[in-house]
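The lines below spell out each chain.
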Amino acid sequence: KEGLLMLFCRKNPFLNKIFVLSLLCFCLGSLTGFTQEEKGIKEKEPAVQKERKGPLDPEKIYEQLELFANAIAIVDQNYVEDVDTKTLIYGAMKGMLNSLDPHSQFMNPEAYKEMQEDTEGKFGGIGIEITIKDNILTVITPIVGTPAFIAGIKAGDKIVKINKKSTKNMTLMQAVKWMRGKPGSKVNLRILRGQEKAFLDFTIERDIIKIESIKEKKIIKDGIGYIRVTDFQERSGTDLFKAIKSLTKDGMKSVILDLRNNPGGLLQAAVDVSDKFIKKGNVIVSTKGRKSDQNMTFRAREEEMERCPLVVLINEGSASAAEIVAGAVQDWNRGLLVGVKSFGKGSVQSVLPLKDGSALRLTTAKYFTPNGRSIQGTGIEPDITVRLPEQAQKEEDIKKKNGEDEEKDVQLEKAVSILQNTDLYQDLMNKKKDKEKDTKQEK
């Protein structure tokens, strides 16, 4: 290795400094620090792909690094203006991560710091979760109660312009930066809505976005409890436990868990929430990646809370951790899923800090339900499909007049009607089990 390095530097002395910088960059790729919390009962599984045996071929490494360093040198010598070497390195790393998948990103120190602040559950913006889907900036879901939600932004909306700037080839980090801002300031979004096939313009006033895990809990009627989980944070499991205990004291005999427009969050929070409904020792979710240390199985570690009929509401805005909970409930026949197919975001991202304060957000594994179904790109199909009625396109048609024109929540109404009829609930559960048996026999 030393011989190759010296030979390379002698052949191209001008690149010596740049080569060292690029080599440093390359070496920083060998990192540790998997950010997902590893609590509860979990077990290792065999790697789904064979790990690379032995070290990388040094000649191939230096061959590629020489190409990279040559490109930097050419830019440094010939670009119309002076360019800082760090800027070039950052740009190269950004392009490298963007070429992998929509969820892998390079974060400079400023962006990494912003991300850390976001995990505290409070930031300035409009309140939407976004991703890159089919090469288009797409809304996963508006966060309930935020300016984007109130303005009428929907899951699946395509953001084609931010403040009249095209989002074509825009990264997620760039889009977030453009939509963030001081509370009270405004941002303009041009949306392409699939069903309506029309461009819609929104002017949204930014606000402080406070994310609460349990947004609402109440007894609806006839002992039917309702709990809306809007985000999966560190305390989600504890908050859900308290909500269930409180509603049980109020006479709850069955429960509706509303995961609609829930973009997900922490893996461990999804495990903690599922733990309240899944029998101790049963698999909740597994993660599988290229490296064996990323292959883990998470099992329920606590005794299930008082068992009662359960309906889980999902929609196209239910993603990631929300899909983990829905998948566990469905695979173990613990309850019924009502609504429409979930988003299908089933990959695991690890945040790996670098020495200069920047970080890599890297996709390292995928989620699988207890029955081994991949969530990524497919989503979770509900047991009972209930679609919301089409909303009017024109603004004057969707305005609420003195609260009288508010649309009925037909998905919630369906869940209530199922739980009001014990025989109907049990019949639907039995049919679901029979269908699963037939599917297994066919396989």
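Residues numbered from 1 in each chain as written. Predicted model: local features only at pLDDT ≥ 70, side-chain atom pairs only at ≥ 80, totals over all residues. Heavy atoms only, no water.

A few words now on the packing of aromatic side chains. The relative placement of two aromatic rings is captured by the distance of their centres and the angle of their planes. Inspection of the entire model under this criterion finds one aromatic pair. In this structure, Lys133 is placed above the aromatic ring of Phe343, and the distance from its NZ or CZ to the ring centre is 4.7 Å. Here the basic side chain of Lys288 rests over the ring of Phe368, its NZ or CZ set 5.1 Å away from the ring centre. (Phe/Tyr/Trp six-rings, centres within 6.5 Å; stacked < 30°, edge-to-face > 60°. Lys NZ or Arg CZ within 6 Å of the ring centre and 35° of its normal.)

The topology assignment puts Ile209 in strand β10 (residues 207-210). Along the backbone, Ile209 and Gly124 are 85 residues apart, and their C-alpha atoms lie at a distance of 5.6 Å. (Helix = DSSP H or I, 4+ residues; strand = E, 2+ residues; numbered from the N terminus.)

Moving on, we get to empty space enclosed by the protein. If you walk through the whole model with that rule in mind, you get one cavity of 30 Å³ or more. As a volume, the largest cavity reaches approximately 40 Å³. In this structure, the largest cavity is lined by Ile244, Met252, Lys276, Phe277, Met305, Glu306, Cys308 and Arg334. Here the residues of the lining of the largest cavity sort into five nonpolar, no polar and three charged. (1 Å grid on protein atoms, 1.4 Å probe; cavity = no way out; pocket = protein on both sides within 12 Å on 5 of 7 lines; lining within 4 Å. Points joined across faces, edges and corners; volume = space filled by probe spheres on them. Nonpolar A, V, L, I, M, F, W, Y, C, P; charged D, E, K, R; others polar.)

Take the side chain of Ser213 next. Along the chain, Ser213 turns up in the loop between β10 and β11 (214-221). Residues contacting Ser213, with those up to four places away along its chain left out, are Arg228, Val229, Thr230, Asp231, Gln233, Ser236 and Asp239. (Contact = heavy atoms within 4.5 Å.)

Moving on, we get to the pairing of strand β19 (residues 359-368). Where strand β2 (residues 105-107) lies against β19, three bridges are found, and the strand directions are antiparallel. Within β19, the residue paired with Gln105 across the bridge is Arg361. Pairing between strand β14 (residues 283-289) and β19: four bridges, direction antiparallel. Its bridge partner lying in β19, Ser286 is registered against Phe368. For strand β18 (residues 347-353) and β19, the ladder comprises seven bridges, and the chain directions are antiparallel. In the strand pairing of β19, Val348 is matched with Ala365. Counted between consecutive antiparallel strands, the loop separating β18 from β19 contains five residues, among which Gly357 sits at a positive phi close to 95°. (Pairing = 2+ DSSP bridges.)

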